[in-house]
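Analysis of the macromolecular model
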Amino acid sequence: MARIAHAGFIHETNTFAPMKTTWDDFSRPGFFPGLLQGQAVIEKLTGVNIGIGGFVEEVQPLGYELIPIAWSFAETAAHVTEDAFERMSALIIEGLTTNMPYDAVYLCLHGAMVTEHLEDAEGELIRRVREVIGMEIPLVASLDLHSNTTEAMLTLTDGLVACRTYPHEDMAATGRRAAHFLHNILVGSKPAKARRALPFLIPLTGQCTMMQPTQGVYKKLEELEQTPGVQLISFTPGFPAADIRDCGPVVVAYGDDQASADGAVDALYNYIVAREKEFQVPFQSPEDAVQKAIDSNAPKPTVLADVQDNSGAGATSDTTGLLRAMVRLQADDCVLGIMVDPEVAQAAHDAGEGAEIQVSLGGKVFTEGDPPFEGKFKIEKLGDGKITCTGPHYGGLKAQLGPMALLRIGGVRVVVSTHRMQAADQALFRHLGIEPAEEKILGLKSTVHFRADFDPIAEEILVVKAPGAFIDQPETLPYKNLRPGVRVCPGGREHTV
């Protein structure tokens, strides 16, 4: 029986964010279960929409012996500390060394991790794994759609299998595809491979696969995979909030021979470049968006996406720009979430349901945005933050967000939590007694992932440009390490050193 070792280490790094990512962020439970080792990896992640969960489900019926090593995840923030990277890497390397030999290795990665001491953290982790297992043993990794996929990552693996949906409804499916690809290598041979980086950055709002042009890119990708000789293609639009040399979109392909791999990469590359300017998405000011939502007579909610204060992209989820507009314009039947403020959440629990508290809400971590919102709020509902997610993106996850509270000021209600999680699942609101479909206005601190669960109940979605630590306009970011010649937005100016 062939033996497959598997491990995971996941972080998407916003190098412009104000908070670094520590070992505690990886080890403690949040909306993922925290650090897992050994059989707990299989027990906790099977059935969850995450790469390693899908991989295990696909491999088990094939008769392989699975050797789970370790897995951890931390919410997007600034650089992973050197301490955190070295501790997790050591766990993986020690586990691989102790449990040898293997016939293959699978890694569940993101592809956009940057540490205090490494630009290409996944490339370095893969290099260390190769030092243990050698170059002959097949090594396949699954990647997030937002991976900044480097040459080292391609060279040191035999397969990079990336997500194809944003919102990421297919993370488990990506793990299953990685398992299938690895199985084919084990019963056959290693494929030829090719990589090509695109010459422009794509904002996250332009990467949504529910809309054009990205939707068409993945349709084209699937068509090209039907070409004789082509085994697999991955397109990673990249995570633009990473100030590293290799930030940006990449196409990789695998084929029976080098000509097949090169041909697939070139065909998809050319298709994307021809649609470059279509990747820009317009923003609205908070005031314009709120007023439009107030004026709407639609039977379904208007969703206001607070895209730049999305914790899933490294923001703090504590800015108050959209909240101020809601209160100032006297919005009614209006909910905003999730606002992260541990002090206010605890104050609400101390006061109890039905009480009123005078607090400074938000504006404590990201101080370059609007200041804290000063006001008297009524405490409508309290929660413990233990939530089982039900939507397509987070479905199956058991979040632990700490003490939560539903606060009201006028016609505006605010969901406040202790720990960060983007508002991409309706269960986060139902936890505090809110049925999202019954609201007139939903303010969601999320960039795109919310669309998976909220698009079916929304009349209209407006993209709001309010302050936040995730800037979804790459042309405004002060890149220092990005390679020269890359256009910092679709159709925009080239980056110069």
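The structure under discussion appears in the preceding block.
Counting starts from 1 at the beginning of each chain's written sequence and moves along it residue by residue. Only residues with pLDDT of at least 70 are given local features in this predicted model, and only at 80 or more are side-chain atom pairs given and counted; all residues enter the totals for whole chains, interfaces and linings. Water and hydrogen atoms were dropped before computing side-chain values, which therefore reflect all heavy atoms in the structure.

Right, let's talk about the pairing of strand β18 (residues 441–444) for a bit. Consecutive side chains along a regular strand alternate between the two faces of the sheet. Alternating positions in β18 separate into two faces, I441 and G443 on one and L442 and L444 on the other, with burial throughout. Both strand β10 (residues 302–306) and β18 contribute to a ladder of 4 bridges, which runs parallel. The partner of L304 across the bridge, within β18, is G443. Here a strand pair is declared whenever DSSP counts at least two bridges between the two strands. A helix here means a DSSP run of H or I that spans at least four residues, while a strand means a run of E at least two residues long, and both kinds are numbered starting from the N terminus. Pairing geometry for strand β11 (residues 334–340) and β18, over 4 bridges, is parallel. Residue L336 lies in a different strand from β18, and its bridge partner there is G443. Only protein chains enter the calculation, and the probe is 1.4 Å; a residue is then buried if its accessible area is under 20% of its type maximum, exposed if over 50%, and partly exposed in between.

If you trace the 3 strands from one edge of the open sheet to the other, you get β7-β9-β8, paired in antiparallel fashion. Of all the strands in the sheet, just β7 (192–197) and β8 (230–236) have a single pairing partner and so form its edges. Mean inter-strand twist for the sheet, computed between neighbouring axes without regard to direction, equals 10°. Pairing between β7 and strand β9 (residues 250–255): 6 bridges, direction antiparallel. Along β9, the bridge assignment pairs A194 with A253. Relative to β7, helix α9 (residues 258–273) is tilted by about 25°, and along the sheet it contacts β7, β8 and β9. To define axes, lines are fitted to C-alpha atoms, for helices over the stretch in contact only, and angles between the resulting N-to-C directions are given on a 0 to 180 degree scale. We call two residues contacting when some pair of their heavy atoms lies within 4.5 Å.

The next subject is the pairing of β10. Counted residue by residue, β10 has 5 buried out of 5 residues, so it is predominantly covered. The alternating pattern of β10 places T302, L304 and D306 on one face and V303 and A305 on the opposite face, and all of these are buried. Relative to strand β19 (residues 460–464), β10 is paired through 5 bridges, and the arrangement is parallel. Among the inter-strand pairings, A305 is bridged to a residue of β19, identified as V463.

Think of a sheet as strands paired side by side through backbone hydrogen bonds, with each pair either parallel or antiparallel. Here 8 strands make up an open sheet; going across it, the order is β12-β13-β16-β17-β11-β18-β10-β19 and the pairing mixed. Lying at the two open borders of the sheet, with one neighbouring strand each, are β12 (356–361) and β19. On average, adjacent strands in this sheet sit at an angle of 30° to one another, irrespective of strand direction. Each of β10, β11, β12, β13 (373–383), β16 (404–409), β17 (412–417), β18 and β19 touches helix α11 (residues 321–328); the most contacted strand, β11, lies at about 155° to it. Sitting on the sheet, helix α12 (residues 342–351) touches β11, β12, β13, β16 and β17, and the angle it makes with β12 is about 175°.

The next subject is the nonpolar core. Judged by nonpolar contacts, the single largest core of 145 residues is most densely connected at W71 and F235. Per-element accounting of this core gives the leading share, 7 residues, to α9. Among the nonpolar cores identified, the runner-up in size contains 32 residues, and L304, L322, F373 and V416 belong to it. The term nonpolar core refers to a set of buried residues drawn from Ala, Val, Leu, Ile, Met, Phe, Trp, Tyr and Cys, joined through side-chain atoms within 4.5 Å.

What follows concerns the packing of helix α10 (residues 286–295) against α11. Running from N to C, α10 and α11 point in directions that differ by 45°, and their axes come no closer than 9 Å. In terms of their interaxial angle, α10 and α11 are classed as oblique. Both α10 and α11 take part in a crossing whose hand is right-handed. Across the interface between the two elements, P286, E287 and V290 of α10 pack against G321, L322, A325, M326 and R328 of α11. Among the residues forming the contact of α10 with α11, the class breakdown is 5 nonpolar, 1 polar and 2 charged. Here is the rule for angles: anything less than 35 degrees is roughly parallel, anything more than 145 is roughly antiparallel, 65 through 115 is roughly perpendicular, and the remaining ranges are oblique. Here a crossing is taken to be left-handed if its near helix is turned anticlockwise relative to the far helix by less than a right angle, and right-handed if that turn runs clockwise. Following the grouping adopted for this structure description, the nonpolar residues are Ala, Val, Leu, Ile, Met, Phe, Trp, Tyr, Cys and Pro, the charged ones are Asp, Glu, Lys and Arg, and the polar ones are all others, Gly among them.

On to the pattern of salt bridges, then. A carboxyl oxygen of Asp or Glu within 4 Å of a side-chain nitrogen of Lys or Arg is what we treat as a salt bridge. Under the criterion given, the structure shown has 26 salt bridges. A salt bridge links E124 to R128; the shortest N-O distance between them is 2.8 Å. Placement of the pair is E124 and R128 together in helix α5 (residues 121–133), with a separation of 4 residues, close to one helical turn. Across the pair R196 and D266 runs a salt bridge whose closest N-O atoms are separated by 2.9 Å. A residue pair is termed long-range when its members are at least 10 positions apart, and R196 in strand β7 and D266 in helix α9 qualify at 70 residues. Residue classification places R196 among the partly exposed positions, given a relative accessible area of 32%. A single network of salt bridges, built from pairs that share partners, joins E86, E124, R127, R128 and E131.

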